[in-house]
2 protein chains.
Amino acid sequence: MRSYGQLCALAKALDLVGDRWTLLIVRELLIRETCRYTDLRSGLPGIATNLLAERLDELVEAGLVSREAAPPPIATTVYRLTDRGRQLEPVVEALGRWGAPLLATATGKEAFLSHWLALPARLYVRDTTPKAPSVRVELRPGGEPITLETVGDGSVRTRIGATGHADATLEGPPQVVLHLLTRKVTLSAARKRGVRLHGDPKVLRRFGPKPAAQAPA
Amino acid sequence: MRSYGQLCALAKALDLVGDRWTLLIVRELLIRETCRYTDLRSGLPGIATNLLAERLDELVEAGLVSREAAPPPIATTVYRLTDRGRQLEPVVEALGRWGAPLLATATGKEAFLSHWLALPARLYVRDTTPKAPSVRVELRPGGEPITLETVGDGSVRTRIGATGHADATLEGPPQVVLHLLTRKVTLSAARKRGVRLHGDPKVLRRFGPKPAAQAPA
DNA sequence: CGGCATCCTCTTTGATACTG
DNA sequence: CAGTATCAAAGAGGATGCCG
């Protein structure tokens, strides 16, 4: 933890979360709420185990992550964001919005884990008709499915894993699935790019882009 | 430029701007619009000159910064953010908002340069009565003064350097000056913490906190 | 197996000196 | 002024070992 030693809010923030891997660890914790060490390691392909341990120590030390002994059925330690740590969500959201266009230049050699989809789905997708009955969509980007559920206030909830009764399921490349949910592409265009929809196509009307935050008028 | 190799917008963003010093270079360019190499180096106390050169190369390569030959009077190269680079402003703003509370724990040994104040002044301060005649306040945190000017649409503009006729000047510790402008402290409390006001105290009514961006309703 | 600690190699950083 | 060159120190990445 080297410090920039500058009296500047940005520099101070980077002193804590600017190290390599740190914000990606925060990403995993934002997705999963509680993580075991192994969940984190498998969610962060490429991280060295000693680095993960070191970063976790620093995050706990900085008060952004808590380390708790899990109740008996699990009998292991779980990691969780503190309130202060969860306040990094707008930072992760802003960086993700900025980085989204870069996904178009993917080489195809990148690692991909399906649960990563849960974060952009929560942050960038909204329910266009919150008063209508709740719907569930299962996303199957390959690997473990992600369940998307409208929650009644215009936002959507995401869960890792399949759901009992999905109103629709979407299979295909993750970026295209996201573009479909945020209406950046039409259904037919998405189909041409490898997306397959099962179930009622009308549920797609329920979803739209959640715009970037704006300064209040 | 080591890549995380993950198909994730956050990871892709960090591939480009996650290296040490990179976002602080962006900060300098957000503050100054155009910078010479020396402006950057002096605005980034602690950076090694080879690292600055290397980061600038990477930023130019990534299309976030442009390197231009300045017109004759200057006869040097100047650096400027591209549009894509300027789009990092929300990222810097989010990180700065998150990091602001950390300034309270400053040890007093940090470097401080007065022009750094120009960025939070622009990002976190608004004009509460934009229709009233424009006002100018000069901030003197020690070092070069910063001019704050209401611009008519509720936002404020900042300039490095003194102004001809200021409606008021504020001297004192930078954090306290910012807290005063965003109404986190009263004038009398600010005075106790070292702030001195010259000119018309009423102009302070013109300024208030610019709230964090919110999702539109 | 989960949760690290150690050891080793390689890369990046930081400090300083030097050049067109 | 705007960098490049050099070199020691710190950090990252990978493999493996240890302990409940």
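Since the model is a prediction, treat every value here as computed from it, not as a measurement. (Residues numbered from 1 in each chain as written. Chains lettered and ligands numbered in written order. Predicted model: local features only at pLDDT ≥ 70, side-chain atom pairs only at ≥ 80, totals over all residues. Heavy atoms only, no water.)

Explain the protein's contact with DNA strand D to me, and be specific about the residues and the numbers.
Around DNA strand D, 21 residues are found, and the nearest of them are Trp21 and Arg55 of chain A together with Thr38, Thr76 and Tyr79 of chain B. Here, DNA strand D places atoms within 4 Å of the protein, and 73% of those atoms are sugar or phosphate. Asn50 of chain A is positioned with one of its side-chain polar atoms (N or O) 3.2 Å from a base oxygen of DNA strand D. At 2.4 Å, a side-chain N or O of Arg55 of chain A approaches a phosphate oxygen of DNA strand D. Elements with a contribution of two residues or more to the surface near DNA strand D: α4 (49–61) of chain A together with α3 (37–43), α4 (49–61) and β3 (77–81) of chain B. (Near = heavy atom within 4 Å. Polar contact = N/O pair within 3.5 Å; in protein donor to acceptor, adjacent residues only side chain to side chain. Helix = DSSP H or I, 4+ residues; strand = E, 2+ residues; numbered from the N terminus.)

Give a detailed account of the side chain of Asp127 of chain B, specifying residues and quantitative values.
Relative to the helices and strands, Asp127 of chain B is located in strand β4 (residues 125–127). The residues contacting Asp127 of chain B, other than those within four sequence positions of it, are Thr150, Gly154, Ser155, Val156 and Arg206 of chain B. (Contact = heavy atoms within 4.5 Å.)

Requested: an account of the relation of the copies chain B and chain A, with residues and values cited.
Each copy of the chain is related to the other by a rotation around an axis and a translation along that axis. Take chain B, turn it by 180°, move it 0.0 Å along the axis, and it overlays chain A with an RMSD of 0.0 Å. Here the two chains are linked by the operation of a two-fold rotation axis. With an isologous cut-off of 70% or more, the 100% of interface residues of chain B that recur at the interface of chain A puts this contact in the isologous class. (Least-squares fit on C-alpha atoms with pLDDT ≥ 70 in both.)

So what's going on with the side chain of His115 of chain A? Which residues, and what values?
Residues and elements named next belong to chain A. Along the chain, the position of His115 falls in the loop between α6 (89–99) and α7 (118–124). There is a polar contact of 2.8 Å between the side chain of His115 and the side chain of Glu28. In this structure, His115 is in contact with Glu28, Ile31, Arg32, Gly43, Ile146 and Ile160, ignoring residues within four places of it in sequence.

Mind laying out the interface of chain B and chain A, listing which residues take part and the relevant values?
Taken together, the contact pairs 52 residues of chain B with 52 residues of chain A. Both sides together, the interface formed by chain B and chain A hides about 4800 Å², and carbon and sulfur atoms give 71% of it. Broken down residue by residue, the surface that chain B buries against chain A is led by Tyr4, Leu7 and Trp98 of chain B, which jointly contribute 18%. Applying the counting criterion to the chain B and chain A interface returns two salt bridges. For the salt bridge of Lys12 of chain B with Glu110 of chain A, the shortest nitrogen-to-oxygen distance reads 2.8 Å. Remark: the boundary between chain B and chain A carries 14 residue pairs in polar contact (both at pLDDT 80 or more). Elements supplying a minimum of two residues to the side of chain B that touches chain A: α1 (9–17), α2 (22–32), α6 (89–99) and α8 (174–181) of chain B. Split by residue class, the side of chain B that touches chain A holds 37 nonpolar, nine polar and six charged. (Buried area = accessible area lost by both parts, 1.4 Å probe. Salt bridge = Lys/Arg side-chain N within 4 Å of Asp/Glu carboxyl O. Nonpolar A, V, L, I, M, F, W, Y, C, P; charged D, E, K, R; others polar.)

Now, about the sheet that holds strand β8 (residues 168–171) of chain B: what can you tell me, with residues and values included?
Residues and elements named next belong to chain B. The sheet built from five strands is open, its strands ordered β7-β6-β5-β8-β9 with mixed pairing. Unpaired on one side and paired on the other, β7 (156–160) and β9 (196–199) mark the two borders of the sheet. The average angle at which neighbouring strand axes cross in this sheet is 20°, direction not considered. Packing against the sheet, α8 makes contact with β5 (136–140), β6 (146–150) and β8, and its axis sits at approximately 135° to β8. (Pairing = 2+ DSSP bridges. Axes fitted to C-alpha atoms, helices over the stretch in contact; angles between N-to-C directions.)

Talk me through the protein's contact with DNA strand C; I want residue IDs and the actual numbers.
Around DNA strand C, a shell composed of 20 residues is seen, among which Thr76 and Tyr79 of chain A together with Arg20, Trp21 and Arg55 of chain B lie nearest. Protein-adjacent atoms of DNA strand C, using a 4 Å cutoff, are sugar or phosphate at a proportion of 67%. Trp21 of chain B is positioned such that a nitrogen or oxygen atom in its side chain is 2.8 Å from a phosphate oxygen of DNA strand C. Sorting the residues of the surface near DNA strand C by element identifies α3 (37–43), α4 and β3 (77–81) of chain A together with α4 of chain B as the ones contributing at least two each. Sort the elements by how many residues they give to the surface near DNA strand C and α4 of chain B lands first, with four residues. Looking at the surface near DNA strand C residue by residue, the class counts come to six nonpolar, eight polar and six charged.

So what's going on with the sheet that holds strand β2 (residues 65–69) of chain A? Which residues, and what values?
Residues and elements named next belong to chain A. Read across the open sheet, the three strands follow the order β1-β3-β2; overall the sheet is antiparallel. At either end of the open sheet lies a strand with only one pairing partner, and these are β1 (34–36) and β2. In this sheet, neighbouring strand axes are inclined to one another by 35° on average, regardless of whether the strands run parallel or antiparallel. Each of β1, β2 and β3 is contacted by helix α2 (residues 22–32), which is oriented at about 95° to β3, the strand it contacts most.

Give me the lowdown on the domain arrangement of chain A, citing residues and values where you can.
Residue and element names in this part refer to chain A. Splitting chain A by domain gives domain 1 (9–100) and domain 2 (114–209). Every contact between the two is made by 12 residues of domain 1 and, on the other side, eight residues of domain 2. At the boundary of domain 1 with domain 2, total buried surface from both sides reaches about 960 Å², with 63% on carbon and sulfur atoms. If you look at where domain 1 meets domain 2, you find one salt bridge. Measuring nitrogen to oxygen at the nearest pair gives 2.7 Å for the salt bridge that ties Glu89 to Arg122. Secondary structure elements with two or more residues in the side of domain 1 that touches domain 2: α2 and α6. (Domains from an automatic or database assignment.)

Which residues make up a positive patch on the surface, and what values do they have?
All names here are of chain A. A cluster of basic residues, Arg126, Arg183, Lys202 and Arg205, forms a positive patch at the surface. By secondary structure assignment, the location of Arg183 is in the loop between α8 (174–181) and α9 (187–192). A relative accessible area of 49% means that Arg183 is categorised as partly exposed. (Patch = residues over 30% accessible without salt bridge, like charges linked within 9 Å, V, L, I, M, F, W, Y side chains within 5 Å. Areas by Shrake-Rupley, 256 points an atom, 1.4 Å probe, with all protein chains shown as cover. Lys, Arg positive; Asp, Glu negative; His and termini not counted. Charge placed at Lys NZ, Arg CZ, Asp CG, Glu CD. Buried < 20%, exposed > 50% of the residue type's maximum accessible area, 1.4 Å probe, protein only.)

For the packing of α2 of chain A against α1 of chain B, give the residues involved together with the corresponding values.
Look at α2 of chain A against α1 of chain B: their axes get within 10 Å of each other, and the N-to-C directions meet at 170°. Between α2 of chain A and α1 of chain B, the crossing angle belongs to the class labelled roughly antiparallel. Judged by residue contacts, Leu23, Leu24 and Arg27 of chain A of α2 of chain A engage Leu10, Ala11 and Leu14 of chain B from α1 of chain B. When its residues are assigned to classes, the contact of α2 of chain A with α1 of chain B shows five nonpolar, no polar and one charged. (Parallel < 35°, antiparallel > 145°, perpendicular 65-115°, else oblique.)

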